[in-house]
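# Per-entry structural report
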Amino acid sequence: MDPRKIESVRLPMDKIREEAEIFRREHIFTPDLPVDIEHVIEATMGISIIPIESLQKHCDMEGFISQDYTAIYVDEFLYTDDRYYKRVRFTLAHEIGHYILHRSTIDNQKFTDAEDWIRFRLNLNDETLGWFETQASEFAGRLLVPIDPLVEEFRAKRGSILRKYSSWDSKPISDDDLFSMVAPLVCGRFDVSSEVIERRLRKENILAILGR
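Residues numbered from 1 in each chain as written. Predicted model: local features only at pLDDT ≥ 70, side-chain atom pairs only at ≥ 80, totals over all residues. Heavy atoms only, no water.

### Quick look at helix α9 (residues 147–168)
We apply this condition: Helix and strand assignments come from DSSP, with helices taken as H or I runs of at least 4 residues and strands as E runs of at least 2, each series counted from the N terminus. A helix is expected to span 1.5 Å for every residue after the first. Two axes are fitted around each residue, one to the seven residues ending there and one to the seven starting there, and the angle between them is reported as the bend at that residue.
The end-to-end C-alpha distance of α9, which contains 22 residues, comes to 31 Å, matching closely the 32 Å that a straight helix rising 1.5 Å per residue would cover. Of all the bends in α9, the greatest measures close to 30° and is centred on Arg 158.

Encoded structure:
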């Protein structure tokens with residue numbers, strides 16, 4: 001099938017979160033944080049992580065899972081440079097999101113080799129690709145940043161920030177400013193970027209959970 005004609009499957013966010021929690025129960029056997037995503041992929045799932053030189057440059061992808069689900073290929077430069085460690089962790093979790101959420105779509109396609117598979121990924125129509133990527137990122141975020149520890153960390157850090165802010169500004173702090181101040185203080189526990197934490201705080205509607 002022409003990848004440009006594949007229609008996007010608009011999975012509800014609740015369904016994606018449910019799938020992430022099912023995956024956690026089946027593949028992650030400790031509540032310890034951060035999630036050791038490389039160990040989960042290699043030791044628990046039996047999927048190899050294989051760096052490829054110039055993957056991002058030549059294919060405009062930081063990583064992809066093979067069509068037979070035996071390997072996740074990642075850009076070698078990103079994988080071996082400690083500056084991009086958190087970014088690679090998210091990429092790996094993102095590819096597992098494709099494996100869990102989009103396997104039925106992938107299984108319906110016929111590929112002759114790895115290059116054919118890459119062409120399929122690159123030639124998906126923009127709407128379908130956008131939904132696939134959004135869904136895989138939501139899965140990755142939920143997997144790497146479980147909701148209960150996130151609430152715990154946010155609650156612990158919010159008070160001191162609000163007190164400090166009110167001491168030098170009479171205006172109430174906006175939710176966006178609060179999230180951007182909390183995120184760098186929280187991200188270390190989860191070993192993700194502060195940007196990922198900010199997105200999780202919004203996606204999880206954290207203030208509503210805490211009754212503001």
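### Describing unusual backbone geometry
With omega at 0°, the peptide bond leading from Leu 33 into Pro 34 counts as cis. Despite not being glycine, Ser 54 shows a phi value in the positive range, around 60°. Mapped onto the secondary structure, Ser 54 falls in the loop between β1 (48–52) and α3 (55–59).

### A look at the layout of surface pockets
We count it as follows: Only protein atoms enter the 1 Å grid used here. Points where a 1.4 Å probe fits but cannot escape make up a cavity, open sets with protein on both sides within 12 Å along at least five of seven lines make up a pocket, and a residue lines them when an atom lies within 4 Å of a point. Grid points are joined across faces, edges and corners, and a volume is the space filled by probe spheres set on the points. Note on residue classes: Ala, Val, Leu, Ile, Met, Phe, Trp, Tyr, Cys and Pro are nonpolar, Asp, Glu, Lys and Arg are charged, and everything else, Gly too, is polar.
Here the largest pocket is characterised by a volume of approximately 440 Å³. What lines the largest pocket is a set of 19 residues, and nearest its centre among them are Glu 62, Thr 91, His 94, Glu 95 and Glu 133. Elements that contribute at least two residues to the lining of the largest pocket include exactly α5 (85–101), α7 (114–123), α8 (126–144) and α11 (194–203). Each residue belonging to the lining of the largest pocket can be placed in one class, and the counts come to 5 nonpolar, 5 polar and 9 charged.

### Observations regarding the packing of aromatic side chains
The description of two aromatic rings rests on the distance between their centres and on the angle between their planes. Keep this limit in mind: Stacked, edge-to-face and tilted labels apply to pairs of Phe, Tyr and Trp rings (six-membered ring for Trp) whose centres lie within 6.5 Å, assigned for plane angles under 30 degrees, over 60, and everything in between, in that order. The cut-offs for exposure are 20% and 50% of the maximum accessible area for each residue type, with area from a 1.4 Å probe on protein chains only; residues under the lower value are buried, those over the upper are exposed, and the others partly exposed.
All chains considered together, the criterion is met by 5 aromatic pairs. Taken together, a centroid distance of 5.9 Å and an interplanar angle of 75° make the contact between Phe 23 and Phe 139 edge-to-face. Taken together, the residues span a long stretch of sequence, with Phe 23 in helix α1 (residues 13–27) and Phe 139 in helix α8 at a distance of 116 residues. For the pair shown, Phe 23 and Phe 139 are each scored as buried.

Remember that the coordinates give geometry; whether it matters functionally is a separate question.
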